[in-house]
Amino acid sequence: MFSEAQFNLFIFFWVALAIVVFVILMFINAPYGRHLRAGWGFNIPARLGWIAMESPTIIVMSLYFYDYYFFLGRSELVGALFYLIWITHYFHRTFVWPFRAQISKKVMPISIALFAIFFNTINASINAEGIFKIHAPYPAHWITSPQFMCGVFLFIVGMYINISSDNILINLRKQSPDDYVIPKSGLYSWVSSPNYLGEILEWIGWAIATWSLAGFSFAFWVIANLVPRARSNHHWYLEHFEEYPKNRKKLIPGVW
């Protein structure tokens with residue numbers, strides 16, 4: 001078991017790695033989805049890749065949850081609520097979205113799936129360690145604290161934006177399964193990647209609700225990954241569609 005000092009030091013290096021990844025992704029598009037290209041290892045079915053790479057988030061967090069509540073016999077409410085919040089997002093991302101999205105004919109490089117498996121294993125371990133060991137037990141009154149209430153509210157708003165934006169893309173793909181089209185409804189009227197905006201808000205909410213270095217490190221990683229991706233997607237739309245709205249922002253309505 002890590003001491004809190006060792007745990008915080010590891011998070012420091014983890015965040016430093018996120019900064020390096022952010023800089024790299026500003027110059028190199030991650031090769032999946034519309035940015036798929038050769039040179040990153042052999043390809044696997046995209047649906048299989050998504051399920052495989054998101055599964056560690058459920059497995060790792062559930063192992064910590066089982067150890068804390070069943071092996072150690074703890075019973076406080078706050079940790080269970082954090083587990084429920086985490087699993088709600090990742091059950092959808094692992095077992096719902098891959099079967100709703102029109103990706104049955106798509107592939108991804110195995111290198112991307114393996115990197116994501118590595119990241120999700122480490123990230124889930126950091127957050128589970130924080131919730132069930134380093135900061136455990138959260139006091140019962142934490143659920144009425146401003147941090148928890150504001151964080152959970154932001155998480156719910158972000159998840160709604162993320163899923164509703166994904167639904168718009170899914171419906172467009174059903175109408176045009178082989179070609180990309182310009183999304184025009186919902187927050188797509190304002191930005192090119194509202195689904196990414198929603199996910200960023202989710203994990204900022206998580207960071208606030210947990211009020212922990214572990215939570216904030218995850219929010220930082222999400223920003224480091226999705227901000228460059230939103231920029232790449234915006235430029236891709238501008239390059240491939242002459243009629244793409246020039247006043248539409250990349251990620252944040254009216255700002256960027």
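Located above this text is the structure these notes cover.
Just so it is clear, the structure is predicted and the values come from calculations on it, not from any experiment.

Asker: I would appreciate a short explanation of helix α1 (residues 4-25) in the present structure.
Answerer: An α-helix turns once per 3.6 residues; consequently, residues spaced three or four apart project the same way. Taking 1.5 Å per residue as the helical rise, α1 with its 22 residues ought to reach 32 Å, and the 31 Å between its terminal C-alpha atoms agrees with that figure. For α1, the set of buried residues is Phe-7, Ile-11, Trp-14, Val-15, Ala-18, Val-21 and Leu-25. For α1, the buried positions fall inside an angular range of 115° around the axis, keeping them on one side. Opposite its buried face, α1 presents the exposed residues Ala-5, Phe-12 and Phe-13, each directed more than 90 degrees away.

Asker: How should the packing of aromatic side chains be read in this particular structure?
Answerer: Each aromatic ring pair is specified by the distance between its two centres and by the angle formed by the two planes. Scanning the model with the defined rule gives 34 aromatic pairs in all. Look at Trp-14 and Phe-119: their rings are 5.6 Å apart centre to centre, the planes differ by 15°, and that puts the pair in the stacked class. You can see Trp-14 sitting in helix α1 and its partner Phe-119 sitting in helix α4 (residues 110-134), a full 105 residues away along the chain. On the basis of relative accessibility, which here comes to 12%, the residue Phe-119 falls in the buried class. For the pair Trp-236 and Tyr-237, a centre-to-centre distance of 5.5 Å together with 80° between the ring planes defines the contact as edge-to-face. Here Trp-236 and Tyr-237 have matching classes, each one buried. Between the NZ or CZ atom of Arg-34 and the centre of the ring of Trp-236, over which it lies, the distance is 5.1 Å. One Lys or Arg, Arg-229, reaches over the ring of Tyr-32 and ends 3.7 Å from the middle of that ring.

Asker: Explain the pattern of salt bridges here, please?
Answerer: Pairs may arise between side chains of opposite charge once their charged atoms sit close together. Applying the stated criterion to the full structure yields two salt bridges. Across the pair Asp-166 and Arg-93 runs a salt bridge whose closest N-O atoms are separated by 3.6 Å. One end of the pair, Asp-166, is in helix α5 (residues 146-175); the other, Arg-93, is in helix α3 (residues 77-100), with 73 residues separating them in the sequence. Judged by its relative accessible area of 7%, Asp-166 falls in the buried class. The partner of Arg-93 in a salt bridge is Glu-199, and the shortest N-O contact between them spans 3.9 Å. Of this pair, Arg-93 sits in helix α3 while Glu-199 is found in helix α6 (residues 194-210), placing the two residues 106 residues apart along the sequence. With respect to burial, Arg-93 and Glu-199 carry one shared label: buried. Bridged by salt links that share partners, the residues Arg-93, Asp-166 and Glu-199 form one connected network.

The rules behind each value
- Residues numbered from 1 in each chain as written.
- Predicted model: local features only at pLDDT ≥ 70, side-chain atom pairs only at ≥ 80, totals over all residues.
- Heavy atoms only, no water.
- Helix = DSSP H or I, 4+ residues; strand = E, 2+ residues; numbered from the N terminus.
- Expected span 1.5 Å × (residues − 1).
- Buried < 20%, exposed > 50% of the residue type's maximum accessible area, 1.4 Å probe, protein only.
- Arc of directions from axis to C-beta.
- Phe/Tyr/Trp six-rings, centres within 6.5 Å; stacked < 30°, edge-to-face > 60°.
- Lys NZ or Arg CZ within 6 Å of the ring centre and 35° of its normal.
- Salt bridge = Lys/Arg side-chain N within 4 Å of Asp/Glu carboxyl O.

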